[in-house]
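Read off the chains here:
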Amino acid sequence: MARLFRESRRDSSSHSSSSNGFLQPAAAAAVSSTSSPALPSPFPDLGVQLSAADLREAAYEVLVAASRTTGGKPLTYIPQGAASGAGAGAPPSPASSASSASSASLQRSLTSAAASKMKKALGLRSSASTKGVGSPGSGGKAAGPPRRPATVGELLRVQMRVSEPADARIRRGLLRIAASQLGRRAESMVLPLEFLQQFKASDFPDPQEYEAWRTRNLKLLEAGLLLHPLVPLNKSDSSAQRLRQIIRGAYDRPLETGRNSESLQSLRTSVMSLAGRSHDGTSDGCHWADGFPLNLHLYQMLVEACFDNDEGTVVDEIDEVMELLKKTWVILGINEMLHNLCFTWALFNHFVMSGQVDIELLSAAENQLAEVAKDAKTTKDPNYCKVLSSTLSSIMGWTEKRLLAYHETFNTSNIESMQGIVSIGVSAARVLVEDISHEYRRRRKEETDVARTRVETYIRSSLRTAFALRMEEADSKRSSRNPTPVLSILAKDIGDLALKEKNLYSPILKTWHPLASGVAVATLHSCYGNELKQFVAGLTELTPDTVQVLKSADKLEKDLVNIAVEDSVDSDDGGKSLIREMPPYEAENAIANLVKVWIKERVDRLKGWVDRNLKQETWNPGANRENFAPSSVEMLRVIGETLDAFFELPIPMHPTLLPDLTAGLDRSLQLYVSKAKSGCGTRNSFMPQLPPLTRCEVGSKLLFKKKEKPQNLQVRASQNGTANGNDPLGLAQLCVRLNSLQYIRGELENLEKKIKTCLRNVESAQADITDGVDIKFELCQAACQEGIQQICETTAYKVTFYDLGHVLWDTLYVGDTAANRVGVLLRELDPVLETISGTVHNKVRNRAITALMKATFDGFLLVLLAGGPLRAFTRQDSQIIEDDFRALRDLYLADGDGLPEELVDKASSQVKNVLPLFRADSESLIERFKRMMVESNRSASKNRLPLPPTTGHWSPNEPNTVLRVLCYRSDETATRFLKKTYNLPKKI
């Protein structure tokens, strides 16, 4: 067996210049300064960290193994030194002659410069005539380019950047495998597994290279058998689970390779179990590299060997190289269709990498794409369709990036490449739409012309981009020395652009779109028309510049229409469809547009005024007698002046344009109201977070040291809250905000009356001009209503839960219930009510006080039901609580001078309904709780009760409410029940 392979001699210089068996890129290929970077791969990501070098080496191993086992005789490796000697005319040794005779593929001589059939088919010229001295066959007598490989095998090794030592190691490993497994073909082996079995650390020049090699093979197994297997895995597959554990373990504790260890045997068992699976259940080989998309990534590395490392062109030996590549198909699961697709991508990618100057590569890619188009019509394989779509989308994306702005991409120096780029882009689009798109198949009867549609898109996009550039240039040309209006300069430039389009680009694009010139000038007509409309809309008076612009526009329009008519003479409709795209340039709506611009400017100015003034507004209650914000008064004054100015405009269409103005003013008022209430927060901003449920410690004194902070409810402090009188969220300031919104709401009716009066007084007014006119500031009206409600609630909950939080949470009923009653809270509420009564407008005063009342009742109830472990109540305390509740109600009734009793009763009904629970004995409460839990939970029983959720809707018929009463009940029965049922703690 030793004669089957001749190992190459170790070359210390090449060995030291390699990394993981690959030549360094700088040494492997000289990159031209005019080249472009490669495009991203269109194939799906592998999900495992395998570098391009890792995939390339794995692909080379597959290639060598496949080539070794496909011929009738074994192949012998000829080291570079021996090949050089043969190339120099030295007589071959007997062994060399014997090996050459037995080599059917890898060792085929490359001294022949015969023309490649494949190159001819692709439209590529042979590069043999361009080779300098020193190429194979020249004898190497003169100095010249680096020596070319003498065999296909060596060519592939060089092309794939594999060093001689790495190549020798691969072949040595295959020799060992062949010796131990006679007659076994490469497709029946899992190469990464076999190599792990054959090599150990001493086979590598340094530990780093060995570790990288071992890691690569493990990741290949992971990618091929676990992440992308040919046959999908079952979740319960024990072999997959075992292999995954082995690989993960090998990353943490390196796997010992090169011997028949227990760990390697375990690895082999799992690998072979997974690799032996097939779709039909027959074990016809090992499937480790033919799963999608791993097989494509590996095969793409082999396809890259078809391109010269130095020049990027297809190698002259492409026929022999392709012959070898096909031998890997059985291992990689590649077929003719996948090969055609991969090779198409490679040709196109190398054209891009050439800096788009190698037109032959582009032409070859187009020819190969024609084969892909044929393949696409014959299969609906989901994996093929997926990679076909991804690949063609990448090609189409690259081409469209250039074609959507072809005026910037192509000029007279590179126009030659435009034909090919359009062709391949359109071809890719056609396959994507006609052979992949389900939408197209459903609508096929409509006879969609994909090529024409795409080219029309290119034309319109590119012309719009070119127009924008010419417009910038025209603007820069205008100066004191050249006072020509910008639109006149632009009209001349667009005329020149249309001629360039007609003479340079349209002849190419007509291949796919017969009306290419017509579409181009219609697009330019539209672009210029848009600018002209803006110009006319901005006119205030007729000036010489205006006349010049209109004359230039008229001349341009005639030129563009002539080109469109000339281009569409032979079309079915005689160019009518194009002419319809080119409506005449006119300024019939100039006045209306002028007024609309005026309205927009005024409204925008008003919105800017709102932003600036509200940033400076302090909401000081002493700013005026009515306690309105000065900004609200000023806002309505500016709106009144705007209305006056509008009705003074010398136009005949006030009624027609009035809705535009009132809508803008309505939005401005809405903006003011929105900003006035913004930053105040909502009731939820000040609602406390409920503490965890606890049970009472019966018999202990619920006291705490003075220096200890009570562990009660956590109150959400306001971000803007301060203690001084300038606090924008202070009570007085919130009252001013409330008044301001009420003032605006009240003035809306006056504004509506003023508008109707002005309508009657305008010159164009008719007798019944205001009949049927329904002018409503609906946005502002709704915003005021919502804002007043929000500020009332925010004020109430901020006062209750933030300003008086120290009374509510830190004092009320803390420790001794009788000693810390509601009186302190009532005393603190008195000045709050006085402030509201003395500041808030009488039309919203009761709403503000009602909101405060609801908030205090909510706070009172939260203290009873969620006040934390520092509070505990006995049945006897219920009388105190009820008396305090009545005192709280009386505060808002104020002996008949306060809120209506019906309103107070409604707001306090929730507290009133819950208070009887505090009077009930613990046993009845427990029975009540159990009954409600069983009724509301089918799965619950009296012996096993789930913890009811906290809904916040307190009620004697709600389980969580009853449970909370028990949590704060200071007696043995309650605490024992809570301990047994829920194991609630006594402290937080």
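What counts, and where the lines are drawn
Residues numbered from 1 in each chain as written. Predicted model: local features only at pLDDT ≥ 70, side-chain atom pairs only at ≥ 80, totals over all residues. Heavy atoms only, no water. Helix = DSSP H or I, 4+ residues; strand = E, 2+ residues; numbered from the N terminus. Buried < 20%, exposed > 50% of the residue type's maximum accessible area, 1.4 Å probe, protein only. Contact = heavy atoms within 4.5 Å. Areas by Shrake-Rupley, 256 points an atom, 1.4 Å probe, with all protein chains shown as cover. Core = buried A, V, L, I, M, F, W, Y, C linked by side-chain atoms within 4.5 Å. Phe/Tyr/Trp six-rings, centres within 6.5 Å; stacked < 30°, edge-to-face > 60°. Salt bridge = Lys/Arg side-chain N within 4 Å of Asp/Glu carboxyl O. 1 Å grid on protein atoms, 1.4 Å probe; cavity = no way out; pocket = protein on both sides within 12 Å on 5 of 7 lines; lining within 4 Å. Points joined across faces, edges and corners; volume = space filled by probe spheres on them. Nonpolar A, V, L, I, M, F, W, Y, C, P; charged D, E, K, R; others polar. Axes fitted to C-alpha atoms, helices over the stretch in contact; angles between N-to-C directions. Parallel < 35°, antiparallel > 145°, perpendicular 65-115°, else oblique. pLDDT = per-residue confidence, 0-100. Lys, Arg positive; Asp, Glu negative; His and termini not counted. Disulfide = S-S within 2.5 Å.

Undergrad: Kindly report on the overall build of the protein, identifying the contributing residues and their values.
TA: When helices and strands are tallied, the protein shows 41 helices and two strands. Among the 988 residues that make up the protein, the fraction classed as buried is 50%. By sequence separation, contacts in the protein at least 24 residues apart represent 78% of the contacts at least 6 residues apart. Accessible area for the protein stands at about 46,800 Å²; split by element, carbon and sulfur atoms hold 50% of it.

Undergrad: Please give an account of the nonpolar core that cites residues and values.
TA: Residues L267, L325, F343, F348 and Y528 are the most contacted members of the largest nonpolar core, which totals 158 residues. When residues in this core are grouped by element, the largest group, 11 residues, is from helix α16 (residues 336–353). The next biggest cluster of nonpolar side chains, apart from the first, holds 116 residues, and it includes F628, F686, V832 and V965.

Undergrad: Outline the packing of aromatic side chains, listing residues and values.
TA: Scanning the entire structure with this criterion turns up 27 aromatic pairs. When the centroid spacing of 5.4 Å and the interplanar angle of 55° are considered together, the rings of F204 and Y210 count as tilted. In terms of burial, F204 and Y210 fall into one category: buried. Pairing F348 with W398 gives two aromatic rings, centres 5.3 Å apart and planes at 85°, and the pair type is edge-to-face. In this pair, F348 sits in helix α16 while W398 sits in helix α18 (residues 382–403), placing the two residues 50 residues apart along the sequence. In this structure, F348 and W398 share a single accessibility class: buried. Counting every residue linked through ring pairs, the aromatic cluster contains Y813, F857, F860, F873, F885, Y892 and F918.

Undergrad: Lay out the pattern of salt bridges in plain terms, naming residues and giving numbers.
TA: For the structure on display, the rule yields 34 salt bridges. The shortest N-O distance in the salt bridge between K492 and D496 comes to 3.4 Å. Of the two residues, K492 and D496 are both situated in helix α23 (residues 486–509); the distance of four residues between them amounts to about one turn of the helix. Its relative accessible area of 40% is what places D496 among the partly exposed residues. Beyond isolated ion pairs, a larger network of salt bridges with shared partners links E57, E61, R169, E209 and R216.

Undergrad: Give a detailed account of empty space enclosed by the protein, specifying residues and quantitative values.
TA: For the coordinates displayed, the defined rule picks out four cavities of 30 Å³ or more. Its boundaries defined by the atoms lining it, the largest cavity holds a volume of some 50 Å³. In this structure, the largest cavity is lined by C735, L738, C792, T795, A796, I836, A848 and L852. At the level of elements, α31 (731–761), α32 (778–803) and α35 (842–866) are the ones that each hand at least two residues to the lining of the largest cavity. Class assignment for the residues of the lining of the largest cavity results in seven nonpolar, one polar and no charged.

Undergrad: With reference to specific residues and values, describe helix α9 (residues 191–198).
TA: Taking burial as the measure, the eight residues of α9 include eight buried ones, the bulk of the element. The set of residues buried in α9 consists of L191, P192, L193, E194, F195, L196, Q197 and Q198.

Undergrad: So what's going on with the packing of α35 against helix α36 (residues 877–893)? Which residues, and what values?
TA: Where α35 contacts α36, the two axes come as close as 11 Å, and the packing angle between them is 170°. The angle between α35 and α36 falls in the class roughly antiparallel. Where α35 approaches α36, its residues I849, L852, M853, T856, F857, F860 and L864 are matched on the opposing element by I881, D884, F885, L888, R889 and Y892.

Undergrad: Mind laying out the confidence of the model for the protein, listing which residues take part and the relevant values?
TA: On average, residues of the protein score 81 in pLDDT, and 81% of them reach the 70 mark or higher. Across the protein, the element-wise mean pLDDT spans from 34 in helix α5 (residues 94–102) up to 95 in helix α13 (residues 294–303). Ignoring residues within four places in sequence, the model shows residues 70–104, a span with pLDDT below 50, making 57 contacts including any to other chains. For residues 700–724, every residue scores under 50 in pLDDT, and the model assigns this stretch 47 contacts once sequence neighbours within four places are set aside.

Undergrad: Quick one: what's the story with unusual backbone geometry, residue by residue and with numbers?
TA: For the peptide bond that leads from F292 to P293, omega is 5°, which places it in the cis range. Considering the arrangement of structural elements, one finds P293 in the loop between α12 (262–275) and α13. Unusually for a residue other than glycine, A894 sits at a positive phi of about 50°. Mapped onto the fold, A894 is located in the loop between α36 and α37 (901–914). Overall, the relative accessible area of 31% leaves A894 in the partly exposed class. For D895, which is not glycine, the phi torsion reads 55° and is therefore positive.

Undergrad: Describe the environment of D375, and please don't skip the residues or the numbers.
TA: Relative to the assigned elements, D375 resides in helix α17 (residues 359–376). Overall, D375 belongs to the buried group, its relative accessible area being 13%. Considering only alpha carbons, one finds D375 and E336, 39 residues apart in sequence, at a separation of 8.8 Å. The residues contacting D375, other than those within four sequence positions of it, are E336, M337, N340 and Y384.

Undergrad: Tell me about the environment of G815, and name the residues and values.
TA: Along the chain, the position of G815 falls in the loop between α33 (805–808) and α34 (823–839). Using a relative accessible area of 16% as the deciding quantity, one classes G815 as buried. Along the chain, G815 and A872 lie 57 residues apart, while their C-alpha atoms are 7.4 Å from each other.

Undergrad: Tell me what's going on with the side chain of D666, and back it up with residues and numbers.
TA: Following the sequence through the fold, D666 ends up in helix α29 (residues 654–677). An unpaired buried charge is present at D666: no salt bridge exists, and R667, the closest side chain of opposite charge, is 7.7 Å distant.

Undergrad: Which residues make up the packing of α29 against α32, and what values do they have?
TA: Running from N to C, α29 and α32 point in directions that differ by 10°, and their axes come no closer than 8 Å. As the angle between them shows, α29 and α32 are arranged roughly parallel. Across the interface between the two elements, D666, R667, L669, Q670, V673 and K677 of α29 pack against E778, L779, C780, A783, C784, E786, G787, Q790 and I791 of α32. Looking at the contact of α29 with α32 residue by residue, the class counts come to seven nonpolar, three polar and five charged.

Undergrad: Please give an account of the state of the cysteines that cites residues and values.
TA: In this structure the tally under the stated criterion is zero disulfides. With no disulfide of its own, C967 lies 8.1 Å from the sulfur of C696, the closest cysteine sulfur.

Undergrad: Break down the environment of Q241 for me, citing the residues and quoting the values.
TA: Within the secondary structure layout, Q241 lies in helix α11 (residues 238–252). Taking the C-alpha atoms as reference, Q241 lies 9.0 Å from L226; in sequence the two are 15 residues apart. Contacts of Q241, omitting those with residues within four sequence positions, involve K235 and S236.

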